[in-house]
Each structure stands twice: as C-alpha cells, then as structure tokens.
Amino acid sequence: MEELPDNFIDLVITDPPFNVMNKQDLKFKHRTDIRQDVKFDQFESYESYLTFIDRWVKIIEQKLRMNSSMYIFFAIQYITDLMNICLKYGLRYKGVIIWHKTNPAPKIRKNGYLSSTESVLFMTKGKPTFNFLGQNKMHNFIETPICMGNERLKDEQKLNKIGNFATLHPTQKPLELYEHFIEVSSNVDDLISDPFAGTGTANVASKKLNRYCLGIEIDEKYSHYAKERIRSASSTIQKFRIDKWTKKIE
Ligand SMILES: C[S@@+](CC[C@H](N)C(=O)[O-])C[C@H]1O[C@@H](n2cnc3c(N)ncnc32)[C@H](O)[C@@H]1O
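Analysis parameters
- Residues numbered from 1 in each chain as written.
- Predicted model: local features only at pLDDT ≥ 70, side-chain atom pairs only at ≥ 80, totals over all residues.
- Heavy atoms only, no water.
- Helix = DSSP H or I, 4+ residues; strand = E, 2+ residues; numbered from the N terminus.
- Contact = heavy atoms within 4.5 Å.
- Areas by Shrake-Rupley, 256 points an atom, 1.4 Å probe, with all protein chains shown as cover.
- Phe/Tyr/Trp six-rings, centres within 6.5 Å; stacked < 30°, edge-to-face > 60°.
- Buried < 20%, exposed > 50% of the residue type's maximum accessible area, 1.4 Å probe, protein only.
- Lys NZ or Arg CZ within 6 Å of the ring centre and 35° of its normal.
- Axes fitted to C-alpha atoms, helices over the stretch in contact; angles between N-to-C directions.
- Parallel < 35°, antiparallel > 145°, perpendicular 65-115°, else oblique.
- Nonpolar A, V, L, I, M, F, W, Y, C, P; charged D, E, K, R; others polar.
- Salt bridge = Lys/Arg side-chain N within 4 Å of Asp/Glu carboxyl O.
- Near = heavy atom within 4 Å.
- Polar contact = N/O pair within 3.5 Å; in protein donor to acceptor, adjacent residues only side chain to side chain.
- Pairing = 2+ DSSP bridges.
- Expected span 1.5 Å × (residues − 1).

Novice: It is not clear to me how the overall build of the protein should be interpreted in this structure. Could you clarify?
Specialist: Counting its regular elements, the protein contains seven helices and nine strands. In the protein, of all internal contacts separated by at least 6 residues, the share reaching a separation of at least 24 is 73%. For the protein, the accessible surface area stands at approximately 14,000 Å², while carbon and sulfur atoms represent 52% of it.

So this is what it looks like as structure tokens:
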C-alpha cells in the first residue's frame, strides 16, 4: 500500500483484522466452522492493536484522493478507537452502518447473545461521490446471510470433518454488501482498494460493477484463490480505460 502514489484511490472498502479472537473460541474442537486458526486476528495486546490500526489508517488516508470515501468493517467494541484514529488523520465521520447476519454461528454454550452483527464505519475525505439509491435502499442497517453456498470459497487441499472441502477463509464477506457500498460511493471506472483483501471480495464486486480494484493480501494462499476468483468474475465492460490509471501511476 505504501508504494502506491498519494491521492490515488477513490474508495477504500475493507475488512481488517478485528482482534476478537479469544482463547474460548479455541475450545470448541468438535465444530468445523469455529474460528480456530484465525492467526491474522491475533494481537499481543489492545495497545499493539491500536498501533496497527493507526499505521494502516495513516497510509490509507495518504492514498485516498480528495473527494473519496472509506468503509471499514469493524468489531463494534473498537469502533470508537477506529473513528478517533480516522479523525486524527483528517477524515470526516459520516456514520456507522450495521450489518445483521441472518444466519450467524450458533452459540454452543448458550451463555450469551449470538454474534449476529458487525459494524461498518463510513468516513470521507472532501466531498465524495454519493449515489443515493432510494429511501428504501439507504438504511444504515443491512441484512444478509453470511457468505455461503457456491459463493463461499473452498480449500481444495483441506477436508472438513465430514469429508468435504473445508471453508477457505473464516471471514469471507458476502458480495452483496460490497456491491452496495461500491454502487453508493463510486462511479464506473473509479479505482477502489481493499488493503485487507482476503478472498478478493472487493475486487470481484468492483469488477462486476465495472470499477478497478487494487486488493492487497498478506496470505499467499488467500491471494492465490482470490486471483482465480477475480479472473472468473464477469464484467460487462470488455475494455477498461486502462489509460486513466496508467497515467496516474506514471
Ligand atoms: C477479515 S479478513 C478479510 C476478508 C475479506 N473481506 C473477504 O471477503 O475475503 C482480513 C484479511 O487481512 C489479511 N491481512 C492481515 N494483515 C495484513 C497485512 N498487514 N497486509 C495485508 N493483508 C493482511 C488477512 O490475511 C485476512 O485475509
């Protein structure tokens, strides 16, 4: 991300590590879909998590062009920390959107509420594109199932306990969510970026909606599957206006 030119990106939509893994999550060995190996979500302390957030927010703010937006999926308990860091770097608070998962993971121990919501912090720089899609579509509350079925990528080298290919990524987001934010906050041909790309959901949604997208992912396995997924996604535009972005890169 640091190598990109400054003032370059029209929209960031991202889903960074949440720092919500705790030791209890590791105990449920009998379940296949509990987050047992989410190494990217583990931080030594609250302070080291804040330092991590500060580092990437600072870089992203530099790469966002004037009149751009940023949507960040985040754990509700850290949303104020994230917002304050964004404000420190000059971004403007525009609201929090709640995503309600209609089919969350069940609560095995029945000792608390299910974790069926995630928050999305919406921040802007300048006066960005905002395509108001109609009163019914612009609630700050969105309901969808978690990513599943054919949309959910499978790890072809790993079987789950019932002998099927295991789920590739523990937190693959539904395309529908990303498509919604992209439609609202960008135009055809714009450049989007997801610095924590995982399975390439932002890239696929951008391609489907005829936008460019730069995804960055640290894990080689995820990035391998993401590339395959992006390649096979369809786009209605045959030829992108590459000239627009090559000029910026020069
Ligand atoms: C919550 S997941 C994103 C999932 C994604 N939204 C999707 O739909 O697949 C966060 C991702 O960030 C990646 N990640 C963690 N630290 C990173 C870093 N420093 N640079 C790039 N990617 C990183 C992790 O490997 C993980 O795939």
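Anyway, onward from the coordinates.
Novice: I'm lost on the packing of aromatic side chains in this one. Help?
Specialist: This model, assessed by the stated rule, comprises 15 aromatic pairs. Arranged with centres 5.5 Å apart and planes meeting at 15 degrees, the rings of Phe73 and Tyr178 form a pair that is stacked. Placement of the pair is Phe73 in strand β2 (residues 64–74) and Tyr178 in helix α4 (residues 175–185), with a sequence separation of 105 residues. The two residues Phe73 and Tyr178 agree in class, both being buried. An aromatic cluster is built from Phe18, Phe43, Tyr46, Tyr49, Phe52, Trp56, Phe74, Tyr78 and Phe196, whose rings are joined through pairwise contacts. Residue placement shows Lys173 over the ring face of Phe73; its charged tip is 5.1 Å from the ring centre.

Novice: I tried to follow the packing of helix α5 (residues 201–208) against helix α6 (residues 220–232) on my own but got confused; where do I start?
Specialist: Packed helix pairs are specified by the crossing angle of their axes together with the interaxial distance, meaning the distance between the axes. Axis separation between α5 and α6 bottoms out at 9 Å; the angle between their running directions is 10 degrees. Regarding the angle of α5 to α6, the classification is roughly parallel. Judged by residue contacts, Thr201, Asn203, Val204 and Lys207 of α5 engage Arg229, Ile230 and Arg231 from α6. Within the contact of α5 with α6, the residues separate by chemical class into two nonpolar, two polar and three charged.

Novice: What's the story with the pattern of salt bridges in this structure? I'm lost.
Specialist: Oppositely charged side chains can pair when the atoms bearing their charge come close. Summed over all chains, the structure comprises eleven salt bridges. Residue Glu2 pairs with Arg55 through a salt bridge whose shortest N-O separation is 3.7 Å. Here Arg55 lies in helix α2 (residues 46–63) and Glu2 lies in the segment before β1 (9–14), a separation of 53 residues in the sequence. Like Arg55, Glu2 is exposed. Measuring nitrogen to oxygen at the nearest pair gives 2.8 Å for the salt bridge that ties Glu118 to Lys101. Residue Glu118 is located in strand β4 (residues 117–125), and its partner Lys101 is located in strand β3 (residues 92–101); the two are separated by 17 residues in the primary sequence. Look at Glu118 and you get buried, because its relative accessible area is 10%.

Novice: Just to check I follow, could you spell out the environment of Ala166 for this structure?
Specialist: In this structure, Ala166 sits in strand β7 (residues 165–167). It is 5.6 Å that separates the C-alpha atoms of Ala166 and Lys154, two residues lying twelve residues apart in sequence. Residues in contact with Ala166, not counting those within four places in the same chain, are Leu153, Lys154, Asp155, Lys158, Leu159 and Asn160.

Novice: Can you walk me through the side chain of His180 in this structure?
Specialist: Along the chain, the position of His180 falls in helix α4. Sequence-distant contacts of His180, that is, excluding residues within four places in its chain, are made with Leu133, Lys137 and Ile142.

Novice: So what exactly am I meant to see when it comes to the site of the ligand here?
Specialist: Neighbouring the ligand are 19 residues, the closest being Asp15, His169, Thr199, Thr201 and Glu217. Between the ligand and the protein, one listed contact pairs an oxygen atom with a side-chain N or O atom of His169 at 2.8 Å. Side-chain polar atom of Thr201 to an oxygen atom of the ligand: 2.6 Å apart, as the coordinates give it. Look at the ligand: alone it shows 600 Å² of surface, and the protein chains cover 89% of it. Tallied by class, residues from the shell around the ligand come to nine nonpolar, six polar and four charged.

Novice: Any chance you could explain the sheet that holds strand β8 (residues 191–194) here in plain terms?
Specialist: The strands making up a sheet are joined through hydrogen bonds of the backbone, oriented either antiparallel or parallel. Judged by pairing direction, the sheet is mixed, and its seven strands sit side by side in the order β5-β3-β4-β2-β1-β8-β9 without closing on themselves. Each edge of the sheet is formed by a strand with only one pairing partner; in this case those strands are β5 (141–144) and β9 (212–215). Across the sheet, the mean angle from the axis of one strand to that of its neighbour is 20 degrees, orientation sign disregarded. Pairing of β2 with β4, which is carried by seven bridges, proceeds in the antiparallel orientation. Each residue of the ladder has a partner; that of Tyr71, found in β4, is Phe122.

Novice: Before we go on, may I ask you to explain α2 in this structure?
Specialist: One turn of the α-helix equals 3.6 residues, which is why residues spaced by three or four share an orientation. The end-to-end C-alpha distance of α2 is 26 Å, a good match for the 26 Å that 18 residues give at a rise of 1.5 Å each. Looking at α2, one finds that the buried residues are Tyr49, Ile53, Asp54, Trp56, Val57, Ile59, Ile60, Glu61 and Lys63.

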